[in-house]
Amino acid sequence: MNQATAAVDIQSFCAGPEQRRIVLQSPFTRGAYTYATDGHILIRVDRLDSAPIDDKIAAEKVLIGLDAATFAPVGTIVLAAKMPAQECNACEGRGTEHDCPRCECQCEACGGRGSIDPERTVSVDFAGAIFALKYVRQLLSLPNVEIAFETATPGPLLFRFDGGVGALMRCATRGDHHVALQPSTHDPI
């Protein structure tokens, strides 16, 4: 593992406990690489011996076009501070489906946490497409990230960073809240 890969918390790119696909809840290895994904964002780093081998997920298919892509630095983007978690409306903060005292049915909306990330419904215009703010934050947290501004297909946004590469899925529609965000913007959103 190189030094740049060690600086990236790949577990943070995996799905949380609310994700039913358990295989996405931790990094996995295919061939010479280790992947982390929650189904919306994916990163690939050099193989980590600590990540189990999983040949069920064809993660490399998401990175098609990587070799032909032309990358450029994102520029300076300043985002407002992350919004704090809010009480889950579905379970009223209990973390369980029902109000009964002995309920063990985990709330599907929050994965049993009792709170939700309010940014999950915020979308942004970024690199010529619509993306969830949550994932743009993750992408921008990577060391020396560069993105493929122009791609031949309308697939995911491809990117590279010190220690690996990745892909970010576009949103089909705008979220409940939408803000414009362009590279080199200095205004917090």
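Small disclaimer: the values here were computed from a predicted structure and weren't measured.

Brief notes about the pairing of strand β3 (residues 41-46)
Then, number 1: With five of six residues buried, β3 is to be regarded as a mostly interior element.
Then, number 2: Direction of pairing for strand β2 (residues 33-37) relative to β3: antiparallel, over a ladder of five bridges. The residue bridging A36 from the neighbouring strand is I43, located in β3.
Then, number 3: Here β2 hands over to β3 after three residues, with G39 in that stretch at a positive phi of 95 degrees.
Then, number 4: Where β3 meets strand β11 (residues 164-168), five bridges bridge the pair, whose relative direction is antiparallel. Residue pairing in the sheet places R44 in a bridge with V165 of β11.

What to know about the sheet that holds strand β10 (residues 157-161)
Then, number 1: An order of β1-β2-β3-β11-β10-β9-β4 is seen for the seven strands of this open sheet, with the pairing classed as antiparallel. Among the strands making up the open sheet, the edge pair consists of β1 (28-30) and β4 (72-73).
Then, number 2: As paired strands, strand β9 (residues 146-147) and β10 are joined by two bridges and run antiparallel to one another. Residue pairing in the sheet places E146 in a bridge with R160 of β10.

Comments concerning the environment of L168
Then, number 1: Checked against the element boundaries, L168 lands in strand β11.
Then, number 2: A relative accessible area of 1% means that L168 is categorised as buried.
Then, number 3: In this structure the C-alpha to C-alpha distance between L168 and I43, which are 125 residues apart in sequence, comes to 8.8 Å.
Then, number 4: Those residues in contact with L168, other than ones at most four positions away along the chain, are H40, I41, F131, Y135, V136, L139, P156, L157 and F159.

Here's the deal with the confidence of the model for the protein chain
Then, number 1: Scored by pLDDT, the protein chain comes out at a mean of 82, with 87% of its residues at no less than 70.
Then, number 2: Below a pLDDT of 50 lies the segment residues 183-189, which in the model reaches 23 contacts outside its immediate sequence neighbourhood of four places, other chains included.

Some remarks on unusual backbone geometry
Then, number 1: Phi angles above zero are rare outside glycine, and E92 is one such case at about 55 degrees.
Then, number 2: Positionally, E92 belongs in the loop between β5 (86-87) and β6 (115-116).
Then, number 3: The exposure class assigned to E92 is exposed, which follows from its relative accessible area of 57%.
Then, number 4: For A127, which is not a glycine, the phi torsion comes out positive at approximately 55 degrees.
Then, number 5: The exposure class assigned to A127 is buried, which follows from its relative accessible area of 13%.

Examining the nonpolar core
Then, number 1: In this structure, I43, F126, F159 and L168 are the most contacted members of the largest nonpolar core, which totals 29 residues.
Then, number 2: Only β3, β7 (122-126), β8 (129-132), α2 (133-140) and β10 provide two or more residues apiece to this core.
Then, number 3: Per-element accounting of this core gives the leading share, four residues, to α2.
Then, number 4: Counting 15 residues, the second largest nonpolar core, distinct from the first, contains A69, F71, A148 and L158.

Criteria and thresholds
Residues numbered from 1 in each chain as written. Predicted model: local features only at pLDDT ≥ 70, side-chain atom pairs only at ≥ 80, totals over all residues. Heavy atoms only, no water. Buried < 20%, exposed > 50% of the residue type's maximum accessible area, 1.4 Å probe, protein only. Helix = DSSP H or I, 4+ residues; strand = E, 2+ residues; numbered from the N terminus. Pairing = 2+ DSSP bridges. Contact = heavy atoms within 4.5 Å. pLDDT = per-residue confidence, 0-100. Core = buried A, V, L, I, M, F, W, Y, C linked by side-chain atoms within 4.5 Å.

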